[in-house]
Amino acid sequence: MTDTSTPSDAPSASLRQGTPRQGAPWQDTLRQDAELIAAAVGVAGRGLVDRETVAEVVALCAVAGEHLLVVGPPGTAKSQAVRRVADRLGGRYFEYLLGRFTEPNELFGPVDLRGLREGRVEFATAGMLPEAEIAFLDEVFLGSTAVLNTLLGLLNERVFRRGGTVLASPLRVCVGAANHLPEDPALAAFADRFLARVFVEPVADARLEELLEAGRRPADAIPAGGGDPLGALDRLTAAARDCDLDGVTPLLATALRRLRAAGVPVGDRRAVRSQRLVAAAAVLDGRGVATARDLWVLPLIAPTADTQALARDTLADLIEKAANESLAHAAEELSRSTAARAERLARTGAALLAEHRHLPEGRDSRLRLEAALREIDAGFAPADLPAALAGIRAELVAAVAPS
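Residues numbered from 1 in each chain as written. Predicted model: local features only at pLDDT ≥ 70, side-chain atom pairs only at ≥ 80, totals over all residues. Heavy atoms only, no water.

1. What to know about the overall build of the protein
Cut-off, in case you're wondering: By the criteria applied, helices consist of DSSP H or I runs no shorter than four residues and strands consist of E runs no shorter than two, each listed in order from the N terminus. Only protein chains enter the calculation, and the probe is 1.4 Å; a residue is then buried if its accessible area is under 20% of its type maximum, exposed if over 50%, and partly exposed in between. The contact criterion used is simple: two residues touch if any of their non-hydrogen atoms lie within 4.5 Å. Reported accessibility uses the Shrake-Rupley method at a 1.4 Å probe radius. Residues are deemed covered only where the shown protein chains occlude them.
What the protein contains, in helices and strands, is 17 helices and seven strands. Looking at the protein as a whole, 50% of its 403 residues qualify as buried. Across the protein, contacts joining residues at least 24 apart in sequence account for 76% of those joining residues at least 6 apart. For the protein, the accessible area works out to roughly 18200 Å², and carbon and sulfur atoms hold 55% of it.

Written as structure tokens, this is what we have:
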């Protein structure tokens, strides 16, 4: 495969200059859009045990305009998580399982026979990957050289070129999945196009009951989302391009230097593009200005599970106050900060309370509320409870109190 740098490797002019739009109405719209995406991702995650981070990082990458690689053993709900998020966000979706003998036409479309009769080699791309807005490619590293070379250009430039067909692709995010990272150095250029990485393992033993219960729940029990998530996604993507990164740039540079010094491989392209994840995290938190609160995304650019853990430890003091209202699970997992844990517990508790109001009284509902209370009490001393989480705790106590 060939690898050529393109202008898309550089941040947009607005990212470089830091020129956010101002005004209360715009800020209100930004926060409403972030809440709408959070709600859509939350709905997508219903019934997916311990896969909330995957769902949230798909949304983060869609806003950032970057691609995501999910690595984990077979049967760990990688495809299900992506499929559900795509369904809630809307837009054209394409999914395919690659193999050694996958033909390019299976992804990019067959030769247009009408054009061929007229002497033109063009491709019919309707319903295929070049016209998708969200794509999921399972076993992505098993594709042939012909498939991966064509895909490389599409991922990098958002332009499909094959024969006489040149098509601007609307692709927002491509999620690749694999059981393990490739060992073949020839795949390195292709793998590098996936800026963010999420590594998943089978659900922990402590959550097996929850997994079994979710597995019994019919798919139609998952409530539908509301609003226009795709429109919100468009506005957030535009806001991310305009996000003011000036104030956080020195801290970001410090973080990247630390990662390199610790042995985490961060090339120039990944360093530059990490800004897009920071900007996307900021706007999904309802802000047009990035701060240290958004640096929790940096471990995502580490290429392996081990280097991701190393990145989290190396940056511990820089991301100790990181959090995100819309992407609470991902921010907590990647930063391990108490602020992120408080955000996640508050969001989880509020969702449980809302669901509890519409359920008949019963042991299962009460047990879930009590479990949320125990997690809050285990994570925070009463004097350390943030105000928002203290309010949620009080509501949970009232909900489980004998009537």
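2. Let's talk about empty space enclosed by the protein
Note the following rule: Cavities and pockets were defined on a 1 Å grid built from protein atoms only: a cavity is a group of points that admits a 1.4 Å probe but offers it no way out, a pocket is an open group of points flanked by protein on both sides within 12 Å along at least five of seven lines, and a lining residue is one with an atom within 4 Å of any such point. Grid points are joined across faces, edges and corners, and a volume is the space filled by probe spheres set on the points. Nonpolar residues are Ala, Val, Leu, Ile, Met, Phe, Trp, Tyr, Cys and Pro. Charged residues are Asp, Glu, Lys and Arg, and all others, Gly as well, are polar.
Applying the stated criterion across every chain, the model contains three cavities of 30 Å³ or more. Reported here for the largest cavity is a volume of approximately 70 Å³. Glu66, His67, Leu155, Asn156, Asp192, Arg193, Leu195, Arg269, Arg270 and Arg273 are the residues that line the largest cavity. For the lining of the largest cavity, the elements supplying multiple residues, two or more each, are helix 7 (145–157) and helix 12 (268–284). Counting residues per element, the lining of the largest cavity draws most heavily on helix 12, at three residues. Partitioned by chemical class, the residues of the lining of the largest cavity number two nonpolar, two polar and six charged. Looking at the second largest cavity, the residues that line it are Arg31, Ala34, Glu35, Leu284, Asp285, Gly286, Glu325, Ser326 and Arg347. No other element matches helix 2 (residues 24–44), which puts three residues into the lining of the second largest cavity.

3. Some remarks on helix 4 (residues 78–89)
Note the threshold: Multiplying one less than the number of residues by 1.5 Å gives the expected span of a helix.
An ideal rise of 1.5 Å per residue puts 16 Å on twelve residues; helix 4 measures up with 17 Å between its terminal C-alpha atoms. For helix 4, the full list of buried residues reads Lys78, Ala81, Val82, Arg84, Val85, Ala86 and Leu89. The positive-phi residue at the C-terminal boundary of helix 4 is Gly90, with phi of around 90°.

4. Overview of the sheet that holds strand 2 (residues 93–97)
Formally: For two strands to pair, DSSP has to find at least two bridges joining them. The axes are straight lines fitted to the C-alpha atoms, using for helices just the contacting stretch, and the angles between their N-to-C directions are given from 0 to 180°.
Taken in spatial order, the five strands make up an open sheet running 2-3-6-1-7, and their pairing is parallel. Every other strand in the sheet has two partners, leaving strand 2 and strand 7 (196–199) as the edge strands with one partner each. The sheet shows a mean angle of 15° between the axes of neighbouring strands, taken without regard to direction.

5. Section: the packing of aromatic side chains
Quick note on the threshold: The aromatic pairing rule takes the rings of Phe, Tyr and Trp, using the six-membered ring of Trp, and pairs them if the centres are within 6.5 Å, calling planes under 30 degrees apart stacked, those over 60 edge-to-face and the rest tilted.
Counted by the stated rule, this structure contains four aromatic pairs. Measuring from centroid to centroid gives 5.5 Å for Phe108 and Phe160, while their planes differ by 20°, and the two rings are stacked. Pair noted here: Phe108 is in helix 5 (residues 104–108) and Phe160 is in strand 4 (residues 159–162), with a separation of 52 residues, a long-range link. Look at Phe108 and you get buried, because its relative accessible area is 0%. Judged by centre distance (5.6 Å) and plane angle (80°), the ring pair of Phe190 and Phe194 falls under edge-to-face. You can call Phe190 buried: its relative accessible area is 0%. By relative accessible area, which is 0% here, Phe194 ends up buried. Pairwise contacts between aromatic rings join Phe141, Phe190 and Phe194 into one cluster.

6. Quick look at the pairing of strand 5 (residues 165–168)
As defined by bridge partners, strand 4 adjoins strand 5 across four bridges and the pair is classed as antiparallel. Residue pairing in the sheet places Val159 in a bridge with Ala168 of strand 5. Once strand 4 ends, the chain turns through two residues before running back antiparallel as strand 5, passing Gly163 with a positive phi of about 60°.

7. Quick look at the packing of helix 10 (residues 229–241) against helix 12
The cut-off we apply is this: Orientation labels follow simple angle bins: below 35 degrees gives roughly parallel, above 145 gives roughly antiparallel, 65 to 115 gives roughly perpendicular, and whatever is left gives oblique. Whether a crossing is left-handed or right-handed is set by the direction in which the near helix is turned from the far one by less than a right angle, anticlockwise for left-handed and clockwise for right-handed.
Between helix 10 and helix 12, the least distance of the axes is 9 Å, while the angle of their chain directions is 125°. Judged on the interaxial angle alone, helix 12 and helix 10 are oblique. Once helix 10 is placed against helix 12, the crossing between them reads as right-handed. Counted together, Leu236, Ala239 and Ala240 of helix 10 and Ala279, Ala280, Val283 and Leu284 of helix 12 form the full contact between these two elements. For the contact of helix 10 with helix 12, the residue count by class is seven nonpolar, no polar and no charged.

8. So, the nonpolar core
A general tendency of soluble globular proteins is for nonpolar side chains to be buried together. Worth spelling out the cut-off: In this description, a nonpolar core means a group of buried Ala, Val, Leu, Ile, Met, Phe, Trp, Tyr and Cys residues linked to one another through side-chain atoms lying within 4.5 Å.
By size, the foremost hydrophobic cluster in this structure holds 76 residues, and its most contacted members are Ile37, Leu60, Leu68 and Trp296. Considering each element in turn, this core owes the most residues, ten residues, to helix 3 (residues 52–64). Apart from residues lying up to four places away in sequence, Ile37 is in contact with Ala59, Leu89, Pro229, Ala232, Leu233, Leu236 and Leu284. Ranked by size, the runner-up nonpolar core spans 28 residues in total, among them Phe108, Met128, Phe141 and Phe194.

9. Quick notes on the side chain of His67
For the record, the criterion: The term polar contact refers here to a pair of N or O atoms within 3.5 Å; inside protein, the definition further demands a hydrogen-donor-capable atom paired with an acceptor-capable atom, and it admits residues adjacent in sequence only when both atoms are side-chain atoms.
Among the structural elements, His67 can be located in the loop between helix 3 and strand 1 (68–71). Given a relative accessible area of 1%, His67 falls into the buried group. At a separation of 3.0 Å, a polar atom in the side chain of His67 contacts the main-chain amide nitrogen of Cys174. In contact with His67, other than residues within four places in its own chain, are Cys61, Leu155, Arg158, Leu171, Val173, Cys174, Arg193, Phe194, Leu195 and Ala196.

10. What to know about the confidence of the model for the protein
Keep this limit in mind: One number per residue, pLDDT, summarises how confident the predictor is, and it ranges from 0 to 100.
Looking at the protein as a whole, its pLDDT mean stands at 87, while 87% of the residues score no less than 70. Within the protein, helix 11 (residues 249–261) carries the highest mean pLDDT (98), whereas helix 1 (residues 13–17) carries the lowest (41).

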